[in-house]
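Examining the three-dimensional arrangement
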Amino acid sequence: AYKRFSELLPKEERENACSARVPKSRILTLPELRANPFRHRICRVFSTSDNGDDSMSFEDFLDMLSVFSDSATSDIKSHYAFRIFDFDDDGTLDRKDLEKLVNCLTGQGKESQLSDEEMEQLIRNILEESDIDKDGTINLSEFQHVVSRSPDFTRYGGLQR
Amino acid sequence: EVFLPEELRAAAPVDFLQELPSYQSALRRRAAAGGTQERRAAPRGSAGLRAAEARGPEQEGGELAARPAREYPLTIAEKRRLRDCQQADIKYISGWKQWKRTSSKSLKKVLNEVRELLSYLELWRHDIHSIEGKFGTGIQSYFSFLRFLVLLNFIIFILMFSFVTLPSIISKYGIFNSSFAKIPPKNIEAHCTVYKPSGNMGLVYFYTYLKDLLSGTGFLEVTSLFYGYYTIDAAWLSILRYNLPLAYLLATFAYLALSLLWIIKRSVEGFKQNLVHDEDQFQSYCNKVFAGWDFCITDPNAAQLKHRSLQYELQTDLEEERLKRKIADRTMKEKLRIYSLRIFINIIVIAVLSGCFYSIYRATVFSQENSNVSIGHDIRTDSIGAANLLVQYLPSIVITLANFIAPQIFSFLIKFEDYSPAFEIRLTLMRCVFVRLANIGVLLFSLWSQISYCATDQCKACGYNYELYPCWESEVGQEMYKLMIFDFIIILAGTLFVDFPRKLLVTHCSCKPVQWCGLQEFGISDNVLEIIYGQTICWIGTFFSPLLPAIATIKYFFIFYIKKISLIHTRKPAARPIRASSSNFFFLVVLLIGLVLAFIPLGISIAHIPSSKACGPFRNFNTSWAVVPDTILGFPTGLQQVLHGIASEAFAVPFFMVICLIMFYFIALAGAHKRVVEQLREQLIMVRFDPLFCTPKV
């Protein structure tokens, strides 16, 4: 992992890679993230930089790899998945978050997005299935509950080494 | 600011969520104390750390094994601080507990490393991983299934070889001072015991060997590949007596039981998922949206396809829901029309099936009559040889044609039946499964009708047609062998002569019809049915041909590489993917159906049809099963009485009733759990509006 991180840094900073920060544009060139529609959210969630530029240090990089590895527990994966899907960072998944999530899944471009009424129907179904206290949003516990019963979550949530 | 009110509001419902049965069992699985508090560490680092620190000392107090730092959703810097905190607390615990804790930690580490090492030994681990990355988990589940079958067949082969073939070979060649005993059958007419297999016939043309290799006759018939070789009744290893007939029968039962248990064990995981969820669609929308993106995809093209397939899946599901609502609103007249149409189409389906079965029956009868007639002739001449081979393979050819044509007809017919798309797929699959497995049954049935057809009194004395089939088990074994070889040849020929030319045509020829045809998708269900068909043949055939599992292992081993190469070079990814979780369970269910269907012909052969008196280990018994009562009669009287008691009705009926009671108990328990879940859900909604806990959302 250290090797891959240091490859992302420009040559002169490679000696002290442990303390350097890699800018977001370089992180997004990683093959695993390049094709991922959630790459911007992933960088935002794992980055601990103070000035909001989403750069990642080596420790952030390790964090990301450990969460996506096969040996991470599903608790951890679901916790981070919740944070990644929470587009407005307000601690819950409301209708706007779900709408952005579905649009990310179906792809960019006008013809690949669902129509408005399909989106309405879909969000209504999702909330019906997972919103237990019927407040119109999904909080972390509801999300983890619904994901623990989902058979595909652990299967799909790992990055190839 | 924004976060804290949420925390307060959500604190109350969380306690109720903990009472849900699914959560309780998840808690029990985790060794640590403490509830959901650790998981809800705040995104803001310092707040989370304070929460974790506060809980740290209380947690360490009573418990022996705290959760390792890696299970906390915090950043690395915070985990380091947490670990220092945990280490500091260790000093406050007595020496004995400290030692226990460190030893359990090191044990866990060792177990983890052993597990990682074992995963390196897994067959084809890297290949399957790369297929998963490029084509998704649906296709990967097919290849994992193939790997499972390779291992299963290998274990079955080891079982049969070590208990049946090895003792025979050892005693026949007198290794380790062993000898064998051949007990001549008594009270049997002499004509039943005449069996002259045409083994080595001296100088023959080379192609005779090839022909024998392909049809299992000639020199292959007298090898240990077929039942007829095992003609010894007991093997003596110095003073130990090895009862070969009993071993043969018990090894058969053992491999069937082993396959059954292994398949059930693998399907239990998938079954649990299907049972735990509610009846309606088990949260398919949440599953698709939250777990829909396959994080293993690295190729932008694959990502584009995944986007499109997700969009297609979501749209199909929504459309299906709208369709269901429309169906519920149907008028009486429309319902009548649709039901009568469905009955008509089912009649057509049954007609197609009967056509297939009849043609297989006629082909088998024709093949048996004509290939037997030519045994009398001199089979060294060229023209008769090739035609003879074709006639011998006629049942396999007809079965393969039926397996190819019938599914096409079914998928054409089902469009008229106006079912929802998901049900359409399932019904077509069920029909195809039935066609494939029933074809084998019809083949065996027609073979048996030939074998037990008895016109003369002499024939009735033997119980089977001794003139044409002096050693009928070897004949059946040969048919199974031919089916297996032909199946492999078809798969190889299909890849070489259909897939690769198609790919060449599509890449080099840019005319409209060719481009419209395009590349073929990797049809997961078709391929799975193909290998399940092959596996059913192997299960049925192993009793008649003990080395057949070895051939099956080699066959599936090569099929893996053939399919992999074909997939990578000649296929385009499917537009409508099957989800991995549901497909695993589906494969195993169909495999189980195949196994259960394999029990029937084996049961009839072993217990009903008289075993051949001229060859094989069961010459001295009426049927193959008769060796078991015979052995039991040789046991001490006490044991005999116990075994008779277990097999009698006085034991079976109460046993059956107890099993039914246990089953009803579990069904009632599941129903009670469901009701508890409903009640808790309602409580949650009520709590939200209770002014005591929080302000209701306006």
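The rules we used
Residues numbered from 1 in each chain as written. Chains lettered and ligands numbered in written order. Predicted model: local features only at pLDDT ≥ 70, side-chain atom pairs only at ≥ 80, totals over all residues. Heavy atoms only, no water. UniProt positions renumbered as here; feature names shortened; annotations may be inferred. Helix = DSSP H or I, 4+ residues; strand = E, 2+ residues; numbered from the N terminus. Contact = heavy atoms within 4.5 Å. Areas by Shrake-Rupley, 256 points an atom, 1.4 Å probe, with all protein chains shown as cover. Axes fitted to C-alpha atoms, helices over the stretch in contact; angles between N-to-C directions. Left-handed = near helix turned anticlockwise from the far one by under 90°. Nonpolar A, V, L, I, M, F, W, Y, C, P; charged D, E, K, R; others polar. Phe/Tyr/Trp six-rings, centres within 6.5 Å; stacked < 30°, edge-to-face > 60°. Lys NZ or Arg CZ within 6 Å of the ring centre and 35° of its normal. Pairing = 2+ DSSP bridges. Salt bridge = Lys/Arg side-chain N within 4 Å of Asp/Glu carboxyl O. Buried < 20%, exposed > 50% of the residue type's maximum accessible area, 1.4 Å probe, protein only. Patch = residues over 30% accessible without salt bridge, like charges linked within 9 Å, V, L, I, M, F, W, Y side chains within 5 Å. Core = buried A, V, L, I, M, F, W, Y, C linked by side-chain atoms within 4.5 Å.

The name recorded for chain B in an unreviewed UniProt entry is Transmembrane channel-like protein, from Pygoscelis papua. Comment text from UniProt for chain B, heading Sequence similarities (unreviewed entry), reads "Belongs to the TMC family." Database annotation for chain B, UniProt heading Subcellular location (unreviewed entry): "Membrane".

Looking at an unreviewed UniProt entry, chain A carries the name CIB1 protein, with the source organism given as Pygoscelis papua.

Turning our attention to the overall build of chain A. Helix and strand counts for chain A come out as 10 helices and 2 strands. Counting from the amino terminus, helix and strand elements in chain A follow one another as α-β-α-α-α-β-α-α-α-α-α-α. When contacts within chain A are restricted to residue pairs at least 6 apart in sequence, those whose partners lie at least 24 apart make up 49%. Accessible surface computed for chain A: about 7,000 Å², of which carbon and sulfur atoms make up 48%.

Here we come to the packing of helix H7 (residues 95-106) of chain A against helix H8 (residues 116-130) of chain A. Residues and elements named next belong to chain A. At their nearest, the axes of H7 and H8 sit 11 Å apart, and the two run at 115° to each other. In the packing of H7 onto H8, the handedness of the crossing is right-handed. Residues Arg95, Leu98, Glu99, Val102 and Asn103 of H7 lie in contact with H8, whose contacting residues are Met119, Glu120, Leu122, Ile123, Ile126 and Leu127. Here the residues of the contact of H7 with H8 sort into 7 nonpolar, 1 polar and 3 charged.

Residue and element names in this part refer to chain B. The final tally for this structure, using the stated rule, is 32 aromatic pairs over all chains. An aromatic cluster of three or more residues is present, and its members are Tyr227, Tyr229, Tyr230, Tyr248, Trp472, Phe543, Phe544 and Phe618. When the ring centre of tyrosine 229 is taken as origin, the NZ or CZ atom of lysine 172, which lies over that ring, is 4.1 Å away. Arginine 266 extends its terminal NZ or CZ atom over the ring of phenylalanine 148, reaching a point 4.4 Å from the ring centre.

A few words now on the sheet that holds strand S1 (residues 178-181) of chain B. Strand pairs in the sheet, formed through backbone hydrogen bonds, run parallel or antiparallel to each other. Residue and element names in this part refer to chain B. Read from one edge of the open sheet, 3 strands run S1-S2-S3, paired in antiparallel fashion. For this open sheet the edge positions go to S1 and strand S3 (240-243), each flanked by a neighbour on one side alone. Sheet twist, expressed as the mean angle between neighbouring strand axes with direction ignored, is 25°. Taken together, the 4 bridges between S1 and strand S2 (residues 234-237) define a ladder with antiparallel strand orientation. Within S2, the residue paired with serine 178 across the bridge is leucine 237.

Once that is clear, we can look at the UniProt feature "domain: EF-hand" (unreviewed entry) in chain A. Mapped onto this numbering, the UniProt entry gives "domain: EF-hand" (unreviewed entry) at residues 73-108 and 118-153 of chain A. From the first C-alpha to the last, residues 73-108 of chain A spans 31 Å; its make-up is 67% helix and 0% strand.

On to the pattern of salt bridges. All names here are of chain B. Evaluated as defined, the whole model comprises 8 salt bridges over all chains. Salt-bridge contacts for arginine 431 lead to glutamate 417; the nearest nitrogen and oxygen are separated by 3.3 Å. Of this pair, arginine 431 sits in helix H15 (residues 421-451) while glutamate 417 sits in the loop between helix H14 (394-413) and H15, and the two are 14 residues apart along the sequence. Comparing arginine 431 with glutamate 417, the two get one shared label, buried.

The subject of this paragraph is a nonpolar patch on the surface. Residue and element names in this part refer to chain B. On the surface, Phe635, Leu639, Val642, Ile646, Phe651, Phe655 and Ile659 cluster together into a nonpolar patch covering about 620 Å² of accessible area. Elements supplying a minimum of two residues to the nonpolar patch: helix H23 (637-647) and helix H24 (649-688). Relative to the elements of secondary structure, isoleucine 646 occurs in helix H23. Classification of isoleucine 646 by relative accessible area gives partly exposed; the value is 44%.

What follows is about the nonpolar core. By size, the foremost hydrophobic cluster in this structure holds 114 residues, and its most contacted members are Phe143, Phe145, Tyr255, Trp472, Trp539 and Phe543 of chain B. When sequence neighbours within four positions are dropped, the list of residues in contact with tryptophan 472 of chain B reads Trp448, Ile451, Tyr464, Phe544, Ser605, Ile609, Pro610, Ser611 and Ser612 of chain B. Ranked by size, the runner-up nonpolar core spans 52 residues in total, among them Ile42 and Phe58 of chain A together with Ala303 and Leu310 of chain B.

Residues and elements named next belong to chain B. If you trace the backbone, cysteine 192 turns up in the loop between S1 and helix H8 (206-215). In this structure cysteine 192 comes out as buried when scored by relative accessible area, which is 1%. For cysteine 192 and cysteine 471, which are 279 residues apart along the polypeptide, the C-alpha to C-alpha distance reads 9.7 Å. In contact with cysteine 192, not counting residues within four places along its chain, are Cys462, Tyr464, Lys613 and Ala614.

Residue and element names in this part refer to chain B. Note that S2 and S3 share 4 bridges and pair antiparallel. From the neighbouring strand, tryptophan 236 faces S3, where its bridge partner is arginine 241. Adjacent in sequence and paired antiparallel, S2 and S3 are bridged by 2 residues, among which serine 238 carries a positive phi angle near 50°.

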